[in-house]
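Observations on the model geometry
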Amino acid sequence: MLHHIEIYVSNLSKTIEFWGWFLKELGYMQYQKWDHGISWKFGETYIVFVQTEERFMDIAYHRCRVGLNHLAFHAKSKEHVDAITVILKEKGIPILYQDRHPYAGGKDYYAVFFEDPDRIKVEIVAPSE
């Protein structure tokens, strides 16, 4: 079981705006908040976002470099994936692999893929049938 994950971000305000609605939709509750960070918790697992110090901002994040590639979350159902997809589109957040959506992960993998403000890939995956 994952205890927590901590991610440093380039703009904490944009991160809070992006992740706040999404994590709430998945059942996470805001857990902690301080001047340079915030966390959301689901059960005993929490996700922390911390503002990167200016002195470390010289090299931008890219998911294809060494390090985190993406975060994948469980959806309640295919309908939940579809509802999230609608919200993403309403918010102007581009859907990745649009030409293969919602089966970009394969014929038995129903999901939506998108990116956060730092271009960390995020996906929400429906349960297997």
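The sections below set out a description of the structure shown in this document. Bear in mind that the values here come from a model prediction, so they are computed numbers and not experimental data.

1. Thoughts on the overall build of the chain
Counting secondary structure elements, the chain contains two helices and seven strands. Reading the chain from its N terminus to its C terminus gives the helix and strand order β-α-β-β-β-β-α-β-β. Since a compact globule built from 129 residues should have a radius of gyration of about 14 Å, the 15 Å found for the chain is in line with a globular shape. Projected onto its principal axes, the C-alpha positions of the chain cover 45 × 30 × 30 Å.

2. So, helix H1 (residues 12-25)
Taking 1.5 Å per residue as the helical rise, H1 with its 14 residues ought to reach 20 Å, and the 20 Å between its terminal C-alpha atoms agrees with that figure. Along its length, H1 reaches its greatest deviation from straightness, about 30°, at Trp 19. Those residues of H1 that fall on the buried side of the exposure criterion are Leu 12, Thr 15, Phe 18, Trp 19, Gly 20, Trp 21, Phe 22 and Leu 23. One side-chain oxygen of the residue at the start of H1 lies 3.1 Å from the amide nitrogen of Ser 13, identifying that residue as Asn 11.

3. Brief notes about the pairing of strand E6 (residues 111-115)
Of all the five residues making up E6, five are buried; the element is thus mostly covered by neighbouring parts of the structure. In E6, alternate side chains face the same way, and those of Ala 111, Phe 113 and Glu 115 on one face and Val 112 and Phe 114 on the other are all buried. Two elements, E6 and strand E7 (residues 121-125), share five bridges in a ladder whose sense is antiparallel. Bridging across to E7, Val 112 finds its partner in Ile 124.

4. Quick look at the pairing of strand E5 (residues 70-74)
Side chains of E5 alternate between two faces, with Leu 71 and Phe 73 buried and His 70, Ala 72 and His 74 left unburied. One ladder, built from five bridges, connects E5 with E7; its direction is parallel. Following the sheet pairing, Ala 72 is matched in E7 by Glu 123.

5. Digging into the nonpolar core
Among the nonpolar cores identified, the biggest contains 29 residues, and Trp 19, Phe 22, Leu 23, Phe 49, Phe 73 and Phe 114 are the most heavily contacted of them. Only strand E1 (4-9), H1, strand E3 (37-42), strand E4 (45-51), E5, helix H2 (78-90), E6 and E7 provide two or more residues apiece to this core. Ranked by residues supplied to this core, first place goes to H1 with six residues. With near-sequence residues (within four places) excluded, Leu 23 lies in contact with Tyr 28, Trp 40, Ile 47, Phe 49 and Phe 73. Counting residues in hydrophobic clusters, the runner-up holds five residues, among them Leu 96, Ala 104, Ala 111 and Val 125.

6. Re the side chain of His 80
Considering the arrangement of structural elements, one finds His 80 in helix H2. On the basis of relative accessibility, which here comes to 6%, the residue His 80 falls in the buried class. Of note is the side chain of His 80, whose polar atom sits 3.3 Å from the side chain of Glu 25. Reaching out from His 80, the side chain makes a polar contact with the backbone nitrogen of Lys 76 at a distance of 3.0 Å. Contact partners of His 80, with chain neighbours within four places excluded, come to Glu 25, Leu 26, Ala 75 and Ile 124.

Reading guide: rules and limits
Residues numbered from 1 in each chain as written. Predicted model: local features only at pLDDT ≥ 70, side-chain atom pairs only at ≥ 80, totals over all residues. Heavy atoms only, no water. Helix = DSSP H or I, 4+ residues; strand = E, 2+ residues; numbered from the N terminus. Rg over C-alpha atoms; globule rule 2.2 N^0.38 Å. Expected span 1.5 Å × (residues − 1). Bend = angle between axes of the 7 residues up to and from the residue. Buried < 20%, exposed > 50% of the residue type's maximum accessible area, 1.4 Å probe, protein only. Polar contact = N/O pair within 3.5 Å; in protein donor to acceptor, adjacent residues only side chain to side chain. Pairing = 2+ DSSP bridges. Core = buried A, V, L, I, M, F, W, Y, C linked by side-chain atoms within 4.5 Å. Contact = heavy atoms within 4.5 Å.

By themselves, these observations are geometric and do not establish any function.
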